[in-house]
Amino acid sequence: THQDCPEEPSSVMLGSPFHPQAYNIHVNGVLHCQVRYSQLLGLHEQLRKEYGANVVPAFPPKKIFTLTPAEVEQRREQLEKYMQAVRQDPVLGGSETFNSFLRKAQQETQQIPTEEVPLEVLLSNGQKVTVTILTSDQTEDVLEAVASKLDLPEDLVGYFSLFLAREAKDGAFSFLRKLQEFELPYVSVTSLRSPEYKIILRKSYWDSSYDDDVMEQRVGLNLLYAQTVSDIERGWILVTKEQHRQLKSLQEKVSKKEFIRLAQTLKYYGYLKFEPCITDFPEKGCQVIVSAGNSELNFQVRLPSEQIKEGSFKVTRMRCWRVTSSVSVPTSTGPPGSSPGKAEVKLELAFEYLMSKDRLQWVTITSPQAIMLSICLQSMVDELMVKKSGGSIRKMFRRRANGALRRSDSQQAVKSPPLLESPDGSREPMLKLSSKLTSVSLRGISHSGSASDLGANDFHGNYAFEGIGDEDL
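Keep in mind it's a predicted model, so treat the numbers as computed, not measured. (Residues numbered from 1 in each chain as written. Predicted model: local features only at pLDDT ≥ 70, side-chain atom pairs only at ≥ 80, totals over all residues. Heavy atoms only, no water.)

A. Expanded view of the overall build of the protein. The helix and strand tally for the protein stands at 11 helices and 17 strands. For the protein, contacts bridging at least 24 residues in sequence account for 65% of all contacts bridging at least 6. Total accessible area on the protein is roughly 21,800 Å²; 50% of this is exposed by carbon and sulfur atoms. (Helix = DSSP H or I, 4+ residues; strand = E, 2+ residues; numbered from the N terminus. Contact = heavy atoms within 4.5 Å. Areas by Shrake-Rupley, 256 points an atom, 1.4 Å probe, with all protein chains shown as cover.)

As structure tokens, then:
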């Protein structure tokens, strides 16, 4: 049954540790790192020193004697609450202390030494940009290295983001998520141990009026032009025969600005298109192609009658949303000693939508890209909130005096690292997904993958949710 969305989501989870005091930290359902109790205590002490005891939540006390199983479980729950409280605090959760703790732990867990490495970043048109970075460089450092290699001016860096995507055999990309400030892009992409995962540079905003800022400058214009051309080529933007002819002639004349101006008038311009997936709207089991953009999720649904229907869900009418996961672990059918089948992870995004003045209804999308969908919703809401308060993208990316990035509080809300296997292949991946403020889940490192701690729900309350008056319906 769907409960009402709670005011404050609780979303840190821990599994009981068999290895004493060692925990897997999952951020937004993805294994991020492994830590010991002593490391978490070290983090706590550092936060207290910097922010004062009255700001930092209470930490589970040290015990002199060996913990009983019941005490182990109790400590797990307490640590879970502690990490969640820190993550949800607008000051502590966005602090450099907390983010650098997660970055360092990620690097140590993957056992990647700090050294200079080349990192390949793709532009929308498939062009490769290789930057020399440190393995320990955070997302912002890598983004700046790419910008500097491309000669993109500093004040336009905030208009772009790095995305993790998976390349299909036909060369198309499936976007998994935006890279966040608590992770190391080199470590995130190499730990996936597969060449099909790539880092892609793409614009990070939704409102096409921001295109004007980007087009003022040569490199910005070229990046936007390349992205627009490739979105048209991959069929993300809808083009009639006549429009296609006009675009082609502008392309031949290399009239980039005019090309973009024409593209801005087309359907689905500036939208991110998702792989075909399944929805329960208007009825269970319908195939759907979802596109995110223009403060909405657009659905092209194939009904059981094979009829195609199209409609949009505005983010301002979503009361909240959540991402959930369930894991089915196949039993081994191979000969003795062969490895069991891979655990199937099913991800779902569900949002509660104001269909009419007094009627809220849940709509569910089952898709491996559910985390990316949630990130899109959150960033559309963030952008609406920044606009409402009279802010701008440039202001959203103000630098703090100590050189670390300080985003607006709403910006901080979206954080989700990559889907990783748990380090020991014999264990099922343990999942716990994103809440309004990041889900940080700590699980004990154990060899029994109990299903009971999987798939709990976390909520994103929507600050931009607007009630609807009769005149709007």
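B. Geometry of the side chain of T279. For T279, the location among the structural elements is in strand β9 (residues 277-279). Polar contacts involving the side chain of T279 include one to the main-chain amide nitrogen of F281, which spans 3.2 Å. (Polar contact = N/O pair within 3.5 Å; in protein donor to acceptor, adjacent residues only side chain to side chain.)

C. Broad picture of the pairing of strand β10 (residues 286-293). Most of β10 sits inside the fold, with 6 of its 8 residues counted as buried. Bridge count for strand β8 (residues 272-273) against β10 is 2 bridges, and the pairing is antiparallel. Of the residues in β10, the one forming a bridge with K273 is S291. Sheet topology note: the β9/β10 ladder contains 3 bridges and is antiparallel. For C277, the partnering residue across the bridge sits in β10 and is V288. (Buried < 20%, exposed > 50% of the residue type's maximum accessible area, 1.4 Å probe, protein only. Pairing = 2+ DSSP bridges.)

D. Up close: the side chain of N298. Residue placement: N298 occurs in strand β11 (residues 296-302). At 2.9 Å, the side chain of N298 forms a polar contact with the side chain of Y268. N298 has contacts with Y268, Y271, I289, V290, S291, E310, G311 and S312, leaving out every residue within four places of it along the chain.

E. Geometry of the nonpolar core. Among the nonpolar cores identified, the biggest contains 51 residues, and L119, L150, Y159, L162, L201 and L223 are the most heavily contacted of them. Ranked by residue count, the leading element in this core is helix α7 (residues 218-233), at 7 residues. By size, the runner-up hydrophobic cluster in this structure holds 41 residues, among which are F175, F274, V290 and C376. (Core = buried A, V, L, I, M, F, W, Y, C linked by side-chain atoms within 4.5 Å.)

F. Structural context of the confidence of the model for the protein. Per-residue confidence for the protein averages 80 on the pLDDT scale, and 75% of its residues sit at or above 70. Within the model, the stretch residues 398-439 combines pLDDT values under 50 with 178 contacts to residues more than four positions away or in other chains. Confidence drops under a pLDDT of 50 for residues 445-457, and excluding neighbours within four residues, the segment shows 35 contacts in the predicted structure. (pLDDT = per-residue confidence, 0-100.)

G. Focus on the packing of aromatic side chains. For the structure on display, the rule yields 14 aromatic pairs. Here F299 and F313 contribute two aromatic rings whose centre-to-centre distance is 4.8 Å and whose plane-to-plane angle is 70°, an arrangement assigned as edge-to-face. Here F299 is found in strand β11, whereas its partner F313 is found in strand β12 (residues 308-314), with 14 residues between them in sequence. By the burial criterion, F299 is buried, and F313 matches it. Taken together through their ring pairs, the aromatic side chains of F281, F299, F313, F351 and Y353 make up a single cluster. A cation sits over an aromatic face here: R234 above W236, 4.4 Å from the ring centre. Of note, K267 hangs over the ring of Y268, and the distance from its end group to the ring centre comes to 4.9 Å. (Phe/Tyr/Trp six-rings, centres within 6.5 Å; stacked < 30°, edge-to-face > 60°. Lys NZ or Arg CZ within 6 Å of the ring centre and 35° of its normal.)

H. Focus on the pairing of β12. By the bridge criterion, 7 bridges tie β11 to β12 in an arrangement that is antiparallel. If you follow Q300 over to β12, its bridge partner there is E310. Hairpin connection between β11 and β12: a loop of 5 residues separates the two successive antiparallel strands, and E306 in this loop has a positive phi of roughly 70°.

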